[in-house]
Amino acid sequence: MSQGRLIPRDRSAHPVAYDPQYKTSVTRSPSLPLLSLESTPTEETGPRFGHSDLGALDHDLIRNWTKGKAEAIGERILVHGRVTDETGRGIPGALVEVWQANAGGRYRHKKDGYLAPLDPNFGGAGRCLSDESGAYAFFTIKPGAYPWPNRGNDWRPAHIHFALSGPCFGQRLITQMYFEGDPLIHRCPIAATVKDRGQLDSLMAPLDMSQARPLDHLAYRFDIVLRGRRQAWFENRPEGM
Amino acid sequence: MVQKLTQWRETPSQTAGPYVHLGLMPTWAGNAGAYEKELGQSPIAEGAKGEVIEIAGQVLDGTGWPLRDALIESWQADAAGRFPGTEGADPAVSGFCRFAIDPESAEFTLRTVKPGAVSLPDGRVQSPHIALWIVARGINMGLQTRIYFEDADRDADPVLSRIEQRDRVETLIAKPQGDGRYRFDIRLQGPGETVFLDM
Ligand SMILES: [Fe+2]
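For the structure given in this document, a descriptive report is provided here. (Residues numbered from 1 in each chain as written. Chains lettered and ligands numbered in written order. Predicted model: local features only at pLDDT ≥ 70, side-chain atom pairs only at ≥ 80, totals over all residues.)

1. A short note on the sheet that holds strand β11 (residues 204-205) of chain A
Residue and element names in this part refer to chain A.
Point 1. Reading across from one edge, β5-β4-β9-β10-β11 is the order of the 5 strands in this open sheet, with mixed pairing throughout. In this open sheet, the two edge strands, each paired with only one partner strand, are β5 (125-129) and β11.
Point 2. In terms of strand pairing, strand β9 (residues 159-165) meets strand β10 (residues 173-179) through 6 bridges, oriented antiparallel. Across the sheet, the residue bridging to L164 is L173, located in β10. (Pairing = 2+ DSSP bridges. Helix = DSSP H or I, 4+ residues; strand = E, 2+ residues; numbered from the N terminus.)

2. Details of the interface of chain B and chain A
Point 1. With 64 residues of chain B in contact, the opposing surface of chain A contributes 68 residues.
Point 2. Those elements giving two or more residues to the side of chain B that touches chain A turn out to be α1 (20-24), β3 (71-76), β8 (129-135) and β13 (197-198) of chain B.
Point 3. Considering each element in turn, the side of chain B that touches chain A owes the most residues, 4 residues, to α1 of chain B.
Point 4. Each residue belonging to the side of chain B that touches chain A can be placed in one class, and the counts come to 30 nonpolar, 23 polar and 11 charged.
Point 5. Direction of pairing for strand β2 (residues 35-36) of chain A relative to β13 of chain B: parallel, over a ladder of 2 bridges. Bridge pairing links L35 of chain A to L197 of chain B in β13 of chain B. (Contact = placed C-beta atoms within 7 Å. Nonpolar A, V, L, I, M, F, W, Y, C, P; charged D, E, K, R; others polar.)

3. Re the nonpolar core
Point 1. Counting residues in each nonpolar core, the largest one holds 99 residues, and the members touching the most others are L164 of chain A together with L71 and I134 of chain B.
Point 2. Among all residues touching L164 of chain A, those that are not within four sequence positions of it are V83, A94, V96, L173, I224 and L226 of chain A. (Core = buried A, V, L, I, M, F, W, Y, C linked by C-beta atoms within 7 Å. Buried ≥ 20, exposed ≤ 12 C-beta atoms within 10 Å, placed from the backbone.)

4. Describing the environment of P157 of chain A
Residue and element names in this part refer to chain A.
Point 1. Note that P157 resides in the loop between β8 (154-156) and β9.
Point 2. Here P157 falls in the buried class, since 20 other C-beta atoms lie within 10 Å of it.
Point 3. For the pair P157 and G105, spaced 52 residues apart in sequence, the C-alpha separation works out to 9.7 Å.
Point 4. With near-sequence residues (within four places) excluded, P157 lies in contact with A145, Y178, D182, L184, I185, C188 and A191.

5. Examining the pairing of strand β10 (residues 173-178) of chain B
Residues and elements named next belong to chain B.
Point 1. Relative to β10, strand β9 (residues 143-149) runs parallel, the two being bridged by 2 bridges. Pairing of Y148 across the sheet is with I173, part of β10.
Point 2. By the bridge criterion, 3 bridges tie β10 to strand β11 (residues 181-183) in an arrangement that is antiparallel. Directly across from K175, in β11, lies its bridge partner R183.
Point 3. The hairpin turn running from β10 into β11, its antiparallel successor, is 2 residues long, and D179 in that turn takes a positive phi close to 55°.

See the structure below:
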């Protein structure tokens, strides 16, 4: 059975484009409807990445900025999970790219001017490929919360940004992982752009003591679901029949 | 109770935020050397077949102000209309590029080869096009659109033909400026709003 079209996106699973509480979205959200069509080979193919594209420390944000010479400051954690599609199948070889603030809430980015200091031993970017079963993992430190200009006094909950690439360009997804129990999540206008409560819950990673290593690091689990594809049941059927 | 359908919902999107370059284009963020190899630096390598072109433009918000923090990914077929990774595709075309906005000019530039028309399994033909995916602070879910070319045949394209308001087709068409250069502006909202796709 070969793979068919991508499963159309269920937009109710996603944030609204326009949300006045997240002020920048007001002028950056399309006001006309999206044009919904069946996927084509353009969306069903995509760039492939392999281990030769990655460096040996790319998955280790605790050490990758210093090339292993020194370790970043902060609460040491393993973040791991599985990348699957909407049918539950693991996606092998998915590229998982992450970026985050340091333990004090500061990004190593030329546009971040927050007064919290940079950590000389922390870059804040990492990446890895999922294995045969779709599993991925990386080491990092828990990022700090940080303030941002929006309403009078808005703070981002601790979060890690994720960019996911499966085999299809139409599966591209950028999201953010939050940490279980953070009281800032339910005050955050960006988290609140996801209106479905169960969907917002799915962005909160639980503490996973089964993968924590004694006297070394804690662990959080974050599973990710990308778009799936229909099976091509009756491939030679002409369009629209 | 009926049988239970086991189906997973897609993980919800969240905005890429203003620091997306840190993760995807570290050199642009001021962190050259963070990775030995950055991904998507060019969609073509030396020796790629076809006409090399350069597409430049701005990403404008609903007030007409150009975004400076957007990041765009592109994906395309080679000059013969074959997607990289499929049989017979030009090995010098990766087809994938990541590009950001120049802080001075507020413009992006994509240097690539002009893609060929793509034949679909059902016999229809897609006109030459480049798929784009646009993310930025304030964009809660990446926006899909396509670049088509004014100087290529577009009559039978199955996507363009589905746009009801025919004058909106223009928002997806890059205009030749001579010497292989094209202009393509993206309007997120308001007058001249680009057609965004859900495919
Ligand atoms: Fe952030």
